[in-house]
Amino acid sequence: MVKICCIGAGYVGGPTMAVIALKCPSIEVAVVDISVTRIAAWNSDQLPIYEPGLDDVVKQCRGKNLFFSTDVEKHVCEADIIFVSVNTPTKTRGLGAGKAADLTYWESAARMIADVSKSDKIVVEKSTVPVKTAEAIEKILTHNSKGINYQILSNPEFLAEGTAIEDLFSPDRVLIGGRETPEGRKAVQALKAVYANWVPEDRIITTNLWSAELSKLAANAFLAQRISSVNAISALCEATGANVAEVAYAVGKDSRIGPKFLNASVGFGGSCFQKDILNLVYICECNGLPEVANYWKQVIKINDYQKSRFVNRVVASMFNTVSGKKIAVLGFAFKKDTGDTRETPAIDVCKGLLGDKAKISIYDPQVTEDQIQRDLAMNKFDWDHPIHLQPMSPTAVKEVSVTWDAYEATKGAHGVCILTEWDEFKKLDFAKIYDNMQKPAFIFDGRNVVDPEKLREIGFIVYSIGKPLDPWLKDMPAVA
Ligand code: NAI
């Protein structure tokens, strides 16, 4: 029986390994992590991450050929293939701080593999890493090898949170990069054979190591660039009376462009886009390519601009001050169908409103109060370092309250900001919400989920990103 071990039981390691176990009953899969609480949650009925369909997959395999454990060394020692799916956050200090990937967690995983291994291993980079990381990992492993043969493969993960199981069941492609040597090719074939249990062969792409590593960074940069492109156009739509939904539809009908990922919003979030682009920017700079670095940096700048533009719009509309006013925030996760808040635009929007002394009441169906308070108290980039390595729960921001009901959050509020596109927000009784709010009552829709015309009929003053402006907003000071 082939044995697989995955180091890192997070958003990628957990779902990916659960699907491998489901699709490959003859493979034994162990997912290991240094976080005792995370592993305990994977072994309980309350999984540590919310992902549609995940519970079912885990229930079908857990205890049969899928195991979650903190005994990292034992499972690494026994495995034939070791996936490394640890976090690769942005460095917060030292050389490259604020841009370069922090490979501390990766390096310590590699050193541990070298320490405990007694047989040949295929080591698979599942985490998103800078190009040429495989070379560094190879050096760590071979300099400590005790005669063991290691083959390093790059197998970046393209799943999206919220649709992880769907994406893993039916991926657009699986990418495997390896050394172009007989041993390297053999290792690529061994990993390909795992995926071939359910992925059609023409969707399994094999490349050299560096192409595979770079493709992941490039794919995320392209995806984020589409969002920043449509968001940049949304600002121009508001200034001219065009409607970004109509523009995006017309643009996306061009088959060379396509319709996906063209929704204007308050900005992209999530653990990957910003960190991976910053990482790409840093690699460009290190390779003497400042023009290329600046090109990609602009994608992040537009994203930051979009968030601050939103905050400015809220404050400017409400007589240029939100001091002491209750603002309801509906949605805190970085997108619907996940409880993940890493780099969610809601953090920057809330911090912006708090900066203007607002009182904020937040409702998100999947995010806990503890998580929200932690996010609002944390420094930039600190969030992606494992939770068990973070300081204890910081002091709560007292101007922020968290409720488990949208109606409670909006009661007595002056304004409502919709920051995540949860389906349930479309079905809210906005007439009831309006009745219980201060007047004039404002709605700022950062995800374009509500129909502005219907809400205006109720009496709301509505701002929807990139849509023709409410007459009220036209009279307010211009926002930058
Ligand atoms: P995560 O933070 O949810 O999980 C990483 C886990 O690794 C944590 O539970 C941590 O305790 C564990 N860990 C860290 N060092 C360890 C060590 N030495 N030994 C054992 N466990 C260790 O991170 P996530 O979101 O799963 O991301 C992992 C990688 O996958 C990152 O490089 C990310 O860029 C990449 N990725 C993430 C995607 C996403 O949607 N979250 C999608 C595609 C790639």
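Here, residues in each chain are numbered from 1, in the same order as that chain's written sequence. Local features in this predicted model are restricted to residues of pLDDT 70 or higher, and side-chain atom pairs are both shown and tallied only at a pLDDT of 80 or more, whereas totals for entire chains, interfaces and linings draw on every residue. As a convention, hydrogens and water are excluded, and side-chain values are obtained from all of the structure's heavy atoms.

In the annotation of an unreviewed UniProt entry, the protein is listed under the name UDP-glucose 6-dehydrogenase and assigned to Canna indica. UniProt positions are given in the numbering used here, feature names are shortened, and annotations may be inferred rather than shown by experiment. Its UniProt record gives the protein the following Pathway (unreviewed entry) comment, quoted word for word: "Nucleotide-sugar biosynthesis; UDP-alpha-D-glucuronate biosynthesis; UDP-alpha-D-glucuronate from UDP-alpha-D-glucose: step 1/1." According to its UniProt record, the protein has this under Catalytic activity (unreviewed entry): "UDP-alpha-D-glucose + 2 NAD(+) + H2O = UDP-alpha-D-glucuronate + 2 NADH + 3 H(+)".

All right, on to the site of the ligand then. Taken together, 25 residues lie near the ligand, and Asp33, Arg38, Thr88, Glu161 and Lys275 sit nearest. We define a polar contact as two N or O atoms separated by no more than 3.5 Å, with the added condition that, inside protein, one atom must be a possible hydrogen donor and the other a possible acceptor, whereas residues neighbouring each other in sequence contribute only through side-chain atom pairs. Within the contact set of the ligand, an oxygen atom lies 3.0 Å away from a backbone nitrogen or oxygen of Tyr11. Note on areas: Shrake-Rupley, 1.4 Å probe, and residue coverage restricted to the protein chains presented here. Considering the ligand on its own, with 830 Å² of exposed area, one finds that the protein chains cover 94% of that surface. Each residue belonging to the shell around the ligand can be placed in one class, and the counts come to 8 nonpolar, 10 polar and 7 charged. Throughout, the edges of the domains are those of an automatic or database domain assignment. Both domain 1 (2-199) and domain 2 (221-474) contribute no fewer than three residues apiece to the shell around the ligand. Near is defined per residue: the residue qualifies when any heavy atom it owns lies within 4 Å of the molecule or strand. Polar here means any residue other than Ala, Val, Leu, Ile, Met, Phe, Trp, Tyr, Cys and Pro, which are nonpolar, and Asp, Glu, Lys and Arg, which are charged; Gly is therefore polar.

On to the pattern of salt bridges. Take a side-chain nitrogen of Lys or Arg and a carboxyl oxygen of Asp or Glu: if they are within 4 Å of each other, that pair is a salt bridge. Applying the stated criterion across every chain yields a total of 23 salt bridges. Taking the shortest distance from any N to any O, the salt bridge between Arg179 and Glu138 comes out at 2.7 Å. Of this pair, Arg179 sits in the loop between strand 7 (174-178) and helix 8 (182-195) while Glu138 is found in helix 6 (residues 133-143), placing the two residues 41 residues apart along the sequence. Across the salt bridge formed by Glu453 and Arg456, the nearest N and O atoms sit 3.0 Å from each other. With Glu453 and Arg456 both in helix 17 (residues 452-458) and 3 residues apart, the pair spans about one turn of that helix. On the accessibility criterion, Glu453 (48% relative accessible area) is partly exposed. Given a relative accessible area of 22%, Arg456 falls into the partly exposed group. A cluster of three or more residues bridged by salt bridges with shared partners is formed by Lys3, Lys74 and Glu78. Strands are runs of DSSP state E lasting at least two residues, helices are runs of H or I lasting at least four, and both sets are numbered from the N terminus onward. Exposure classes here rest on a 1.4 Å probe applied to the protein chains alone. A residue is buried below 20% of its type maximum, exposed above 50%, and partly exposed in between.

Under the present numbering, the feature "active site" (unreviewed entry) in UniProt falls on Cys272. Locating Cys272 in the fold gives a position in the loop between helix 10 (244-252) and helix 11 (273-286). Owing to a relative accessible area of 27%, Cys272 belongs among the partly exposed residues under this scheme.

Time to look at the sheet that holds strand 14 (residues 461-464). One open sheet accounts for 6 strands, arranged 11-10-9-12-13-14; its pairing is parallel. Strands with a single pairing partner mark the edges of an open sheet, and in this sheet they are strand 11 (400-403) and strand 14. Between one strand and the next, the sheet's axes are offset by a mean angle of 20°, whatever the strand orientation. Pairing between two strands requires that DSSP report at least two bridges joining them. By the bridge criterion, 4 bridges tie strand 9 (residues 326-330) to strand 12 (residues 415-418) in an arrangement that is parallel. An axis is simply a line fitted to the C-alpha atoms; with a helix, the fit covers only the stretch in contact. Between two such axes, the angle follows the N-to-C directions and lies from 0 to 180 degrees.

Moving on: the packing of aromatic side chains. Here the aromatic set is Phe, Tyr and Trp, taking the six-membered ring for Trp, and pairing holds for ring centres within 6.5 Å; pairs whose planes are under 30 degrees apart are stacked, those over 60 apart are edge-to-face, and all others are tilted. All told, the structure shown has 14 aromatic pairs when counted by the stated rule. By the criterion adopted, a ring carries a charge over it if an Arg CZ or a Lys NZ lies within 6 Å of its centre and within 35 degrees of its normal. Lying across the ring of Phe169, Lys23 places its NZ or CZ 4.4 Å from the centre. Over the ring of Phe158 we find Arg173; its NZ or CZ atom is 3.6 Å from the centre of that ring.

Turning our attention to the environment of Thr181. For Thr181, the location among the structural elements is in the loop between strand 7 and helix 8. Sequence separation between Thr181 and Asp80 is 101 residues, and the spatial gap between their C-alpha atoms is 19 Å.

The next subject is helix 8. Here the expected span of a helix is defined as 1.5 Å times the quantity of residues minus one. A rise of 1.5 Å per residue sets the reference length of helix 8, with its 14 residues, at 20 Å; its end C-alpha atoms lie 20 Å apart and thus fit the reference within 8%. Considered for burial, the residues of helix 8 that qualify are Gly184, Ala187, Val188, Leu191, Lys192, Val194 and Tyr195. Seen from one end, helix 8 has its buried residues packed into an arc of 150°, which puts them on one side. For helix 8, the exposed residues lying more than 90 degrees away from the buried face are Pro182 and Lys186. The arc in question is the one spanned by the directions pointing from the helix axis to the C-beta atoms.

Before going further, it helps to examine the packing of helix 12 (residues 290-317) against helix 13 (residues 345-355). Look at helix 12 against helix 13: their axes get within 9 Å of each other, and the N-to-C directions meet at 40°. The angle between helix 12 and helix 13 places the two elements in the oblique class. As helix 12 packs across helix 13, the resulting crossing turns out to be right-handed. Every residue of helix 13 that contacts helix 12 at Lys307, Phe310, Val311, Val314 and Val315 is listed here: Pro345, Asp348, Val349, Gly352 and Leu353. Its residues assigned to classes, the contact of helix 12 with helix 13 comprises 7 nonpolar, 1 polar and 2 charged. Each angle receives one of four descriptions, namely roughly parallel if under 35 degrees, roughly antiparallel if over 145, roughly perpendicular if within 65 to 115, and oblique otherwise. Crossing handedness: left-handed means the near helix sits turned counterclockwise from the far one by under a right angle, and right-handed means the same turn made clockwise. It only takes one pair of heavy atoms within 4.5 Å for two residues to be counted as in contact.

Let us now look at the environment of Met17. Note that Met17 resides in helix 1 (residues 13-23). Owing to a relative accessible area of 0%, Met17 belongs among the buried residues under this scheme. A sequence separation of 11 residues divides Met17 from Glu28, and the C-alpha atoms of the two residues are 10.0 Å apart. The residues contacting Met17, other than those within four sequence positions of it, are Ile4, Cys6, Val29, Val31, Leu66 and Phe83.

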